[in-house]
Amino acid sequence: MLSILIITETRGIANTINMTRTFYTLCLIFISLLGFSQHATIRGFVYNKSNGEPVAFSNVFLKGTTSGASTDLNGYFSINKVSAGAYTLMVTNLEFDTISENIVVKAGEILNKKFFAEKGGIILNSVDVTADQIEKLETPNVAVQKIDPVAINKLPSVGEPDLAQYLQVLPGVVFTGDQGGQLYIRGGLPIQNKVLLDGMVIYNPFHSIGLFSVFDNDIMRNADVYSAGFGAEYGGRTSAIMDITTRDGNKKHLSGKVSASTFGAKLTLEGPLKKLKEDGKGSSSFLLSGKTSYLPQTSKTLYPYANKTNDDGLPFYYTDLYGKVSFNGNNGSKVNLFGYNFNDKVIYKDLAKFNWTSFGGGSNFILIPQNSTLLIEGNFAYSQYKINYEGSVPEDKKSSSVGGFNGGFNFLKYFGRNELKYGFELVGTNTNYELQNPNLATITYAKNSLELGAHMKFRWLDKKKWIVLEPSFRLQYYAKFAQVSPEPRLQGKVNFTKKIRFKFAGGLYSQSIMSASSDRDVVNLFYGFINGPENLPAEYKDKNNKTVATNGVIQKSRHIVAGFEIDILKNLEIQIEGYQKYFTQMASVNRDKLFDDTPENADKLDAQKKDFIMEQGDVKGLDFTAKFEKKRLYFWAVYSLTFNKRYTGNTASGDVYEYAPVYDRRHNVNLVGTYSFGKKRNLDLSIRWNYGSGFPFTPTQGYYPQVDFNNNFNYDYTTSNANLGYVPGDYNSRRLPDYHRMDVSLKWTYNVTEKTKLEINIGATNVYNRENIFYYDRVKNKRVNQLPILPNVNISFKF
């Protein structure tokens, strides 16, 4: 039997390798056919002269022609199909002085250039064509939000500006609360969202207090959030992608930032190991970041009213450390080495204790071959996450861990305005999970898995820039489970005019990992992981009450997105997107398990003995955003309408049970405004108001004395006091009250010298002290609210 299993898995891997080989052979033939040309290529990088950091989204073009390109996050540009001759090469950016250089190109030549842009003394109020306007016409940008530190700084901040606070404003995003809030993107669970930090998988990016993430805003270069319909370069998740990139350390001089607030403190330090010189042969730099919370200590004095159930103050502890070293070659090639350690702990007195740790490290690189127009990117990383939970009684414990490696290569080639990207990815994951369900049955699970993904994406733009198409394809192989998932995807855009654009996307997605959390926990901070659950029912009923066979352990979904981009005025942008995510197969922990799955219980229903059950999910929504930005004023309005349903086909009654998940928020509104005062615009007033309709919850039907005979045969129920148990009503059949909150901040900036800056930020979260419900303690018959008004002060010094 063992030999048969080994032969079967080996044959499966061999077949997938053959399929992957065929896939890349077709890619190479395609590249050869498109790449045969006698034209020249102009490529290179644009850097910030003051610190050596890449300057993204600059417009690089040949004056007097239609040939040009925009720089990417690495400052890289490539202008292709250039005829031989003499030209003037221009580099423009709103924040930098224009660069102009006369060049001569020869047929078939690859001309490499490197530019150092200098900050302009005057910020231009308008230009004819910007890189942002070009991107609107030449890229689909469906269901994606591109975030940088500048955008995050425009929001009112609690302590230091943080990505977690910004994400709560995005269309289709739901946070379940100030305390222990989880991130749900357009109806997907947190486990269905892949979070990448410099290409490394992060399994939990948010702290127990929902105002802070593990990411330091000051070291971020960019964060791309794909909420649906993402391309084939991403795999292994069925809902959304968060791709965060950190910047390199300062390559010119030592610099940093020190800050302290009523919530916590932070230190950032960076500088050159080998200084960058414009005519030098290379450089290297380092970047270090650390931040910690001392809220349990300061809250006793500053916010004694905030936690009436705990005399120890607000019980949120966290520490985040991150380090990075960058080595840069003269031609733009570079290698980064990085590592992190994140920790979190929260203690709810007489209720629950949670703590988690996460650590990892890795490397990524960019390679610019001297005699090829290819851009090669690669990464390899390892990360680990472990969480522990202790309830109010000793036997109520859970633990879960997940970790592994991920690595791969991406190859990028330009054909004029068109672009081909292809590559492969290898992911190894291990999970361990143990808990006791409400019926006192123990569930333990440990599993390792290996995934291989190959992908190709081609972006095609017609000559008149009316249509943009990005067809892509991913072949995902789950070696441990011998399952292959072909995943075609498509993004596109139709430019009716330069100001009215229609966009669309769709595709198939899969993943093996699932959530091990329970929606019935009073405080749902425990988020465990299970890889490829196998103790599943052989069949289940879908949402139409039809019996279908369980198609392996892989979970799958399909996305459809469509909408409009409308530039009504020069400074006013409107976006409307409608979407549907249909999760065709979702594995979930069986909360109703009563018996072990043994031969003695063969006559029992699967719904009563299997560790896991199969569900389906259907999410439909409409998002509306309006953004106005002009000189001193910034205003952003977001409205989301969502209908989220789950269907359980494994029940004791045999019928399909439809319910709304705990994060189903029908209406969500965010209004954000910032205004800059003063001649130097160094005083910023920011306001954010959020409204959300109530979440579903399960009402209490009754109470009973809960007696546990499982672990103590000598238990005398006639003299001992039993625990108070409750009988739940229909699952998630009621709605909590609506949620709304206003945050305000006032930031003053003073330039001490050209390179040093002092910032003082005063503000408050929940300024009108709205009593938003956190949870209801059924045993004590007591309501516990979210955070009350919390005034805060943050002082930072940059050097």
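Bear in mind that the values here come from a model prediction, so they are computed numbers and not experimental data.

Turning our attention to the overall build of the protein. Each helix and strand counted, the protein has 6 helices and 47 strands in total. Partitioning the intrachain contacts of the protein with sequence separation of at least 6 by distance along the chain shows that 65% fall at a separation of at least 24. Total accessible area computed for the protein in this model is approximately 34,800 Å², and 57% of it derives from carbon and sulfur atoms.

Scanning the model with the defined rule gives 38 salt bridges in all. One salt bridge in this structure joins K251 and D248, with 3.4 Å as the shortest N-O distance. The exposure classification of K251 matches that of D248, with both residues buried. Where E565 meets R501, a salt bridge forms, and the shortest distance between an N and an O atom there is 2.7 Å. With E565 in strand β32 (residues 555-569) and R501 in strand β27 (residues 500-511), this pair connects stretches of sequence that are 64 residues apart. Accessibility classification places E565 together with R501 in one group, the buried group. Linked through salt bridges whose partners overlap, the residues forming this network are K136, R186, K493, R501, K503, E565, D567, E573, E577 and D623.

As a further point, take a positive patch on the surface. A grouping of K274, K275, K277, K281 and K755 is seen on the molecular surface, where their side chains present a positively charged patch. Topologically, K281 is positioned in the loop between β16 (264-274) and β17 (282-293). Of the residues examined, K281 reaches a relative accessible area of 75% and is grouped as exposed.

This part takes up the sheet that holds strand β14 (residues 240-246). The 5 strands lie next to each other as β8-β13-β14-β11-β12, forming an open sheet whose pairing is mixed. With one partner strand each, in any of the chains shown, β8 (144-147) and β12 (200-201) form the two edges of the open sheet. Note: strand β11 (residues 193-197) against β14, 5 bridges, orientation parallel. When the bridges of β14 are listed, V195 appears paired with M242.

Taken together, the side chains of L746, I762, V793 and I795 present a nonpolar region at the surface, about 290 Å² in accessible area. Note on placement: L746 falls in strand β43 (residues 739-751).

Below, the discussion takes up the sheet that holds strand β1 (residues 40-48). Pairing within the open sheet is mixed, and its 3 strands lie in the order β4-β1-β7. In this open sheet, the two edge strands, each paired with only one partner strand, are β4 (76-82) and β7 (110-117). Adjacent strand axes in the sheet meet at a mean angle of 20° when their direction is disregarded. One ladder, built from 5 bridges, connects β1 with β4; its direction is antiparallel. Residue pairing in the sheet places G44 in a bridge with F77 of β4.

Next up on the list: helix α5 (residues 295-302). Side chains that are three or four residues apart share a direction in an α-helix, a result of its 3.6 residues per turn. For α5, the complete set of buried residues consists of L295, P296, T298 and S299. One face of α5 carries all of its buried residues, which in axial projection span an arc of 165°. Looking at the buried residues of α5, the elements they touch are β17 and β18 (316-329).

Mapped onto the secondary structure, D567 falls in strand β32. D567 sits in the buried class, given a relative accessible area of 13%. A polar contact is formed between the side chain of D567 and the side chain of R501, at a distance of 3.2 Å.

To continue, consider the packing of aromatic side chains. Enumeration over the complete set of coordinates arrives at 31 aromatic pairs. Aromatic pair Y303 and Y305: ring centres 6.5 Å apart, planes at 90°, arrangement edge-to-face. Exposure remark for Y303: the relative accessible area of 4% places this residue in the buried category. On the basis of relative accessible area, Y305 is assigned to the partly exposed category, the value being 35%. Grouping aromatic residues by their ring pairs yields a cluster made of F45, Y47, Y76, F116 and Y414. Over the ring of Y389 we find K398; its NZ or CZ atom is 5.1 Å from the centre of that ring. Note that K627 overlies the ring of W636, its terminal NZ or CZ placed 4.8 Å from the centroid.

Next up on the list: unusual backbone geometry. Positive phi, normally seen in glycine, also occurs at R186, with a value near 45°. Here R186 falls in the buried class, since its relative accessible area comes to 2%. One non-glycine residue with positive phi stands out, namely D198, at about 55°. Structurally, the position occupied by D198 is in the loop between β11 and β12.

What follows concerns the nonpolar core. Core analysis: the largest hydrophobic core is formed by 95 residues, its most contacted members being I147, L163, L167, I209, M242, I244 and F263. Of the residues forming this core, the biggest block, 5 residues, is contributed by strand β19 (residues 334-348). Ignoring any residue separated from it by four or fewer positions in sequence, one finds I244 in contact with L163, V195, L196, L197, D198, F215, M220, N222 and A223. Membership of the second largest hydrophobic core comes to 20 residues, among which are A40, V60, V91 and F96.

Moving on, we come to the confidence of the model for the protein. Note that predicted coordinates carrying low pLDDT should not be read in detail. Taken over all residues, the pLDDT of the protein has a mean of 86, while the share at 70 or more is 88%. Of the regions scoring below 50 in pLDDT, residues 1-10 engages in 3 contacts with residues more than four places distant in sequence or in other chains. Note that residues 31-36 has pLDDT below 50 and, in this model, 8 contacts with residues that lie over four places away or in other chains.

To continue, consider the environment of N690. Looking at the element boundaries, N690 is found in strand β38 (residues 683-692). N690 sits 19 residues away from L671 along the chain, and the two C-alpha atoms are 6.6 Å apart. For N690, the residues in contact, after removing those within four places along its chain, are N668, V669, N670, Y739, H740 and R741. At 3.3 Å, the side chain of N690 forms a polar contact with the side chain of N668.

So, about the side chain of E577. On the secondary structure map, E577 appears in strand β33 (residues 572-589). Residue classification places E577 among the buried positions, given a relative accessible area of 6%. In this structure the side chain of E577 is engaged in a polar contact, spanning 2.9 Å, whose partner is the backbone nitrogen of A143. Reaching out from E577, the side chain makes a polar contact with the side chain of K503 at a distance of 3.2 Å. Sequence-distant contacts of E577, that is, excluding residues within four places in its chain, are made with V142, A143, R186, K503, V561, A562, G563, G621, L622 and D623.

Its place among the elements puts G403 in strand β22 (residues 397-415). Under the relative-accessibility criterion, G403 is labelled buried at 0%. Linking G403 and F529, residues 126 residues apart in sequence, is a C-alpha distance of 9.8 Å. Other than its neighbours up to four places away in sequence, G403 contacts Y203, S383, Q384, G428, T429 and N430.

Thresholds applied
Residues numbered from 1 in each chain as written. Predicted model: local features only at pLDDT ≥ 70, side-chain atom pairs only at ≥ 80, totals over all residues. Heavy atoms only, no water. Helix = DSSP H or I, 4+ residues; strand = E, 2+ residues; numbered from the N terminus. Contact = heavy atoms within 4.5 Å. Areas by Shrake-Rupley, 256 points an atom, 1.4 Å probe, with all protein chains shown as cover. Salt bridge = Lys/Arg side-chain N within 4 Å of Asp/Glu carboxyl O. Buried < 20%, exposed > 50% of the residue type's maximum accessible area, 1.4 Å probe, protein only. Patch = residues over 30% accessible without salt bridge, like charges linked within 9 Å, V, L, I, M, F, W, Y side chains within 5 Å. Lys, Arg positive; Asp, Glu negative; His and termini not counted. Charge placed at Lys NZ, Arg CZ, Asp CG, Glu CD. Pairing = 2+ DSSP bridges. Axes fitted to C-alpha atoms, helices over the stretch in contact; angles between N-to-C directions. Arc of directions from axis to C-beta. Polar contact = N/O pair within 3.5 Å; in protein donor to acceptor, adjacent residues only side chain to side chain. Phe/Tyr/Trp six-rings, centres within 6.5 Å; stacked < 30°, edge-to-face > 60°. Lys NZ or Arg CZ within 6 Å of the ring centre and 35° of its normal. Core = buried A, V, L, I, M, F, W, Y, C linked by side-chain atoms within 4.5 Å. pLDDT = per-residue confidence, 0-100.

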